[in-house]
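Spelled out from the first residue to the last, the chains are:
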Amino acid sequence: MMNKPPKRPAAAIGQVTLVGAGPGDPDLLTLKAVKAIAAATVILVDDLVNETVLAHASPSARIVYVGKRGGCASTPQAFIEKLMVSEAHKGENVVRLKGGDPLVFGRSGEEIEALQQAGIQVHVVNGITAALGALASLNTALTHRDHAHGVLMVTGHAKPGDPGTDWRALAHTARQTKLTLVVYMGVAAAQRIQDELLHGLAADTPVAIVQDATLPSQRQALCTLDCLHQTLTEERMASPCVLLIGDVLRGLARLGQVQEAVLARGQM
Ligand code: SAH
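A brief structural summary.

Reading the values: the criteria
- Residues numbered from 1 in each chain as written.
- Predicted model: local features only at pLDDT ≥ 70, side-chain atom pairs only at ≥ 80, totals over all residues.
- Heavy atoms only, no water.
- Helix = DSSP H or I, 4+ residues; strand = E, 2+ residues; numbered from the N terminus.
- Patch = residues over 30% accessible without salt bridge, like charges linked within 9 Å, V, L, I, M, F, W, Y side chains within 5 Å.
- Areas by Shrake-Rupley, 256 points an atom, 1.4 Å probe, with all protein chains shown as cover.
- Salt bridge = Lys/Arg side-chain N within 4 Å of Asp/Glu carboxyl O.
- Buried < 20%, exposed > 50% of the residue type's maximum accessible area, 1.4 Å probe, protein only.
- Near = heavy atom within 4 Å.
- Polar contact = N/O pair within 3.5 Å; in protein donor to acceptor, adjacent residues only side chain to side chain.
- Domains from an automatic or database assignment.
- Contact = heavy atoms within 4.5 Å.
- Pairing = 2+ DSSP bridges.
- Axes fitted to C-alpha atoms, helices over the stretch in contact; angles between N-to-C directions.

Quick word on the environment of Ile120
Assignment of secondary structure puts Ile120 in the loop between helix H3 (108-117) and strand E5 (121-125). Taking the C-alpha atoms as reference points, Ile120 and Gly14, 106 residues apart in sequence, are found 7.2 Å from one another.

Observations regarding a nonpolar patch on the surface
Together, Phe105, Val151, Met153 and Met185 line one region of the surface with nonpolar side chains, adding up to about 310 Å² of accessible area. Given the relative accessible area of 41%, Met185 is considered partly exposed.

Digging into the site of the ligand
Neighbouring the ligand are 18 residues; Val104, Thr129, Met185, Ala213 and Cys241 lie closest to it. A distance of 2.8 Å separates an oxygen atom of the ligand from a polar backbone atom of Met185. Inspection of the shell around the ligand shows a minimum of three residues originating in each of domain 1 (15-128) and domain 2 (131-266).

Looking at the side chain of Thr231
Among the secondary structure elements, Thr231 is positioned in helix H7 (residues 228-234). For Thr231, a relative accessible area of 4% gives the class buried. Here Cys227 takes part through its backbone oxygen, which lies 2.6 Å from a polar atom of the side chain of Thr231. Those residues within four positions of Thr231 in sequence are excluded, and the remaining contacts are Ile209, Ala221 and Cys223.

Here's the deal with the pattern of salt bridges
All told, the structure shown has 10 salt bridges when counted by the stated rule. The partner of Glu111 in a salt bridge is Lys98, and the shortest N-O contact between them spans 3.2 Å. Highlighted residues: Glu111 in helix H3 and Lys98 in strand E4 (residues 93-98), separated in sequence by 13 residues. In this structure Lys98 comes out as buried when scored by relative accessible area, which is 2%. The partner of Arg219 in a salt bridge is Glu235, and the shortest N-O contact between them spans 3.8 Å. With a gap of 16 residues between them, Arg219 in strand E9 (residues 219-224) and Glu235 in the loop between H7 and strand E10 (241-245) connect regions that are remote in the sequence. Here Arg219 matches Glu235 in class, with each residue buried.

Observations concerning the environment of Val124
Along the chain, Val124 falls in strand E5. In sequence terms Val124 and Ala33 are 91 residues apart; their C-alpha atoms lie 9.4 Å from each other. Setting aside residues up to four positions removed in sequence, Val124 forms contacts with Leu18, Pro102, Leu103 and Ile112.

Structural notes on the sheet that holds strand E3 (residues 62-65)
Judged by pairing direction, the sheet is parallel, and its five strands sit side by side in the order E3-E2-E4-E1-E5 without closing on themselves. The two strands at the open ends of the sheet, each matched to only one other strand, are E3 and E5. On average, each strand axis in the sheet is inclined to that of its neighbour by 20°, with strand direction left out of account. Bridge analysis of strand E1 (residues 15-20) against E4 gives six bridges, and the strand direction is parallel. Within the sheet, the bridge partner assigned to Gly20 lies in E4 and is Lys98. Along the sheet, helix H2 (residues 77-89) contacts E1, strand E2 (42-45), E3 and E4; its crossing angle with E4, the most-contacted strand, is approximately 155°.

The structure is reproduced here in structure tokens:
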């Protein structure tokens, strides 16, 4: 029996662009993102996107909110992928608008795979990731020739069933190789992250917690690693927060703005 020829993918008439909306401040959109949003006929919006960026959209664009926060009711990922595929097959110019940069903890890897398998053209437009927005607001570098030779971006929220990050191993590596740790989605697991990291990092390692980075509602606190969870609780800080951990933040502490705890909100 002859093998059937493989099915040709359906003609890719439409396209999908994964666009980073940045951490919050709408002025941090790239020009390329503005152009992509303006050209879109369908826009699928994640929940950490500042909706004011939709001012760049065409009035005729169809806007679909597909937000999904950890632990909250959400649009299933499979549904979002199907929607992107079906809209692109109809010939729509689809923009998938994501907070920060689409390539950082945005599930873009899965989406790119699904779209390519369906024969759809995919483009990616970078955005400013939350940690970089947060660091800029603190006037602090991510690396430093004396304190931080590199950076490790890590999530505090693993997929169900996945044991997630080995924080102890990470702490040892961070100390030995002088790395700044940048933790996304770390609020819920903060106590465990703190306890485990203390196996390899000093108790007085500086930590900056930045909530709502780059937005008017931004709040930040600086503390030491042994007070991370306590500071989050006392200051009632909540997601979305980035945790920035490492000696590169010592400069902030030296400025004397901090000591035990908390910096004046929004006016560091
Ligand atoms: N792609 C995004 C990250 C998505 S994961 C990016 O590049 O920024 C969602 C996590 O990002 C949140 O739990 C939080 O840790 C972080 N985050 C997103 N926006 C933020 C903001 N404005 N301030 C602080 N953290 C933010």
